Amino acid sequence: MNRFRQFYIDNGDKLFGYLLRKSGNIHLAADLSQETFTRYLERYRNSEYSPALLFTMGRNLFYDHLRFNKRFVAEEENSLESVPGQEENYIAKEHSAQILAAMTRLDDDERDILALVVSSDLSYQEIADIRRCSVSVIKVKVHRARQKLKKLLLEDDHG
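Cut-offs applied
Residues numbered from 1 in each chain as written. Predicted model: local features only at pLDDT ≥ 70, side-chain atom pairs only at ≥ 80, totals over all residues. Heavy atoms only, no water. Phe/Tyr/Trp six-rings, centres within 6.5 Å; stacked < 30°, edge-to-face > 60°. Helix = DSSP H or I, 4+ residues; strand = E, 2+ residues; numbered from the N terminus. Buried < 20%, exposed > 50% of the residue type's maximum accessible area, 1.4 Å probe, protein only. Lys NZ or Arg CZ within 6 Å of the ring centre and 35° of its normal. Contact = heavy atoms within 4.5 Å. Axes fitted to C-alpha atoms, helices over the stretch in contact; angles between N-to-C directions. Parallel < 35°, antiparallel > 145°, perpendicular 65-115°, else oblique. Left-handed = near helix turned anticlockwise from the far one by under 90°. Core = buried A, V, L, I, M, F, W, Y, C linked by side-chain atoms within 4.5 Å.

1. Structural notes on the packing of aromatic side chains
Applying the stated criterion across every chain, the model contains 11 aromatic pairs. Both rings, one in Phe7 and one in Tyr49, keep their centres 5.0 Å apart while their planes meet at 25°; by these two values the pair is stacked. Of the two residues, Phe7 sits in helix α1 (residues 2-23) while Tyr49 sits in the loop between α2 (26-44) and α3 (51-68), which places them 42 residues apart along the sequence. With centroids separated by 5.3 Å and ring planes inclined at 45°, the aromatic side chains of Tyr40 and Tyr44 adopt a geometry described as tilted. Highlighted residues: Tyr40 and Tyr44, both in helix α2, separated by 4 residues, approximately one helical turn. By relative accessible area, Tyr40 is classed as buried at 0%. For Tyr44, a relative accessible area of 27% translates into the label partly exposed. In textbook terms, an aromatic cluster arises when at least three aromatic residues are bridged by ring pairs, as seen for Phe4, Phe7, Tyr8, Phe37, Tyr40, Tyr44 and Tyr49. Cation over ring: Arg3 sits above Tyr49, and NZ or CZ is 4.3 Å from the ring centre.

Right, dumping it as structure tokens:
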């Protein structure tokens, strides 16, 4: 159990960040993170622990949620709550909310790629394995998704 505890410590925040970036909803991300680790422990307790498999399971749970809840809407106002009296903290959270809102305007593939790269701490090779494509395809998609996100953020600032 100590091995799994260390696996959770090493990957819990990363998985949560990935699911938060995909969903834009802090409560959904927390629920899906918990469910992912529960299922992982149930199925792979005696196996070598794999972050790539963990993120694949989290990703699949997210898509299962979307299929069963077609009316899913990211609730950005519930995603990040400001702390009164702490201006820096508020600004950081406001910026995070803007990024999450812009990410919801990316297509699903772009959002998934960026969320994996930013949140998972996985290598491009591991992400390519999860996505079942080549590393060069991942690099191109990451570059394009970042450019599109940057454009969306600039439009929000100027529009």
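2. Thoughts on the environment of Leu53
Relative to the helices and strands, Leu53 is located in helix α3. Beyond its immediate chain neighbours, meaning those up to four positions away, Leu53 contacts Tyr40 and Tyr44.

3. A word on the packing of α2 against α3
Taken N-terminus to C-terminus, the directions of α2 and α3 make an angle of 125°; their axes are 9 Å apart at the nearest point. On the basis of their axis angle, the class for α2 and α3 is oblique. Considering how the two elements wind past one another, α2 and α3 form a crossing that is right-handed. For the pair α2 and α3, contact is made by Leu28, Leu32, Glu35, Thr36, Phe37, Arg39, Tyr40, Arg43 and Tyr44 and by Leu53, Leu54, Met57, Gly58, Leu61, Phe62 and His65, respectively.

4. Digging into the environment of Ile138
For Ile138, the position within the fold is in helix α8 (residues 135-158). The spatial distance from the C-alpha of Ile138 to the C-alpha of Ile113 is 7.6 Å, given a sequence separation of 25 residues. Sequence-distant contacts of Ile138, defined by excluding residues within four places in its chain, comprise Ile113, Tyr124, Ile127, Ala128, Arg131 and Cys133.

5. Some details on the nonpolar core
Within the largest apolar cluster, 31 residues are counted, with the highest numbers of intra-cluster contacts made by Phe4, Phe7, Leu15, Tyr18, Leu19, Tyr40 and Phe55. Those elements giving two or more residues to this core turn out to be α1, α2, α3, α6 (108-120), α7 (124-131) and α8. The element best represented in this core is α3, accounting for 7 residues. Residue contacts for Tyr18: discarding those within four places in its chain leaves Phe55, Arg59, Asp112, Ala115, Leu116 and Ser119. Counting 7 residues, the second-largest nonpolar core is a separate cluster that includes Ala102, Leu106, Leu149 and Leu152.

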